Amino acid sequence: MIFVGADAVQSYVVLVLICFVLYLLWFVATNGTRYWKYAQLPYIVGLPVVGNFLEAILMRKSMFDLMEALYTDSHVKGSRLFGVCRLVTPTVIMRDPELIKQMLIKDASFFINR
């Protein structure tokens, strides 16, 4: 009968733990980009960890230019609101003035710490 040594079992346990930690890191890094797929809202696909704000983080574009590029993106053309990823946080951007008015004035009592 062949017995597996303690070193082999310990190596397999370490390998499984490393795989599990890598999976958790991948899951957290891509959580913001996967959110909009299930929310059934138009969205702009972002990169893991940095989302749609890589150009602003690297200071290649100002925040104003980046938001203008997001507003005019072909994936969300004509929609009243759309989703982006701000680092790993899913964020909704509203484009319709009537929707903005309703959210900020009429529905303001539903938001705490406004």
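Residues numbered from 1 in each chain as written. Predicted model: local features only at pLDDT ≥ 70, side-chain atom pairs only at ≥ 80, totals over all residues. Heavy atoms only, no water.

## Some points on the overall build of the chain
Under the convention used in this document: Only runs of H or I of at least four residues qualify as helices and only runs of E of at least two qualify as strands under DSSP, and these elements are numbered from the N terminus. Buried means the residue's accessible area, taken with a 1.4 Å probe over protein chains only, is under 20% of the maximum for its type, while exposed means over 50%, and partly exposed covers the values in between. For accessible areas, the Shrake-Rupley method is used with a probe of radius 1.4 Å. Any residue's cover is judged against the shown protein chains and nothing else. Charge assignment: positive for Lys and Arg, negative for Asp and Glu; neither His nor the chain ends contribute. For charged residues, the charge sits on one atom: NZ in Lys, CZ in Arg, CG in Asp, CD in Glu.
When you go through the chain residue by residue, the secondary structure sums to 5 helices and 2 strands. Along its sequence from the N terminus, the chain presents helices and strands in the succession α-α-α-α-β-β-α. Dimensions along the principal axes, computed over C-alpha positions, put the chain at roughly 75 × 35 × 25 Å. Per-residue burial for the chain yields a buried fraction of 22% across its 114 residues. When the accessible area of the chain is evaluated, it comes to approximately 8,900 Å², of which 67% is carbon and sulfur surface. Put simply, the chain has 11 plus and 8 minus side-chain charges, and the middle of one group is 5 Å from the middle of the other.

## Focus on the packing of aromatic side chains
Under the convention used in this document: Stacked, edge-to-face and tilted are the three classes for Phe, Tyr and Trp ring pairs, Trp counted by its six-membered ring, which pair at centre distances within 6.5 Å; planes under 30 degrees apart are stacked, over 60 edge-to-face, the rest tilted. Charges are assigned to positions over rings by a cutoff of 6 Å between ring centre and Lys NZ or Arg CZ, combined with an angular limit of 35 degrees from the ring normal.
Scanning the model with the defined rule gives 4 aromatic pairs in all. Both rings, one in tyrosine 35 and one in tryptophan 36, keep their centres 4.9 Å apart while their planes meet at 85°; by these two values the pair is edge-to-face. Relative accessible area serves as the criterion here: at 42%, tyrosine 35 is assigned to the partly exposed category. Judged by relative accessible area, tryptophan 36 falls into the buried class, the value being 4%. The interplanar angle of 85° and the centroid separation of 6.0 Å between the aromatic rings of tyrosine 71 and phenylalanine 82 together place this pair among those described as edge-to-face. You can see tyrosine 71 sitting in helix α4 (residues 63–71) and its partner phenylalanine 82 sitting in strand β1 (residues 81–86), a full 11 residues away along the chain. Taken together, the ring pairs connect Tyr23, Trp26 and Phe27 into an aromatic cluster. One cation-aromatic arrangement involves arginine 34 over tryptophan 26; the distance from NZ or CZ to the ring centre is 5.3 Å.

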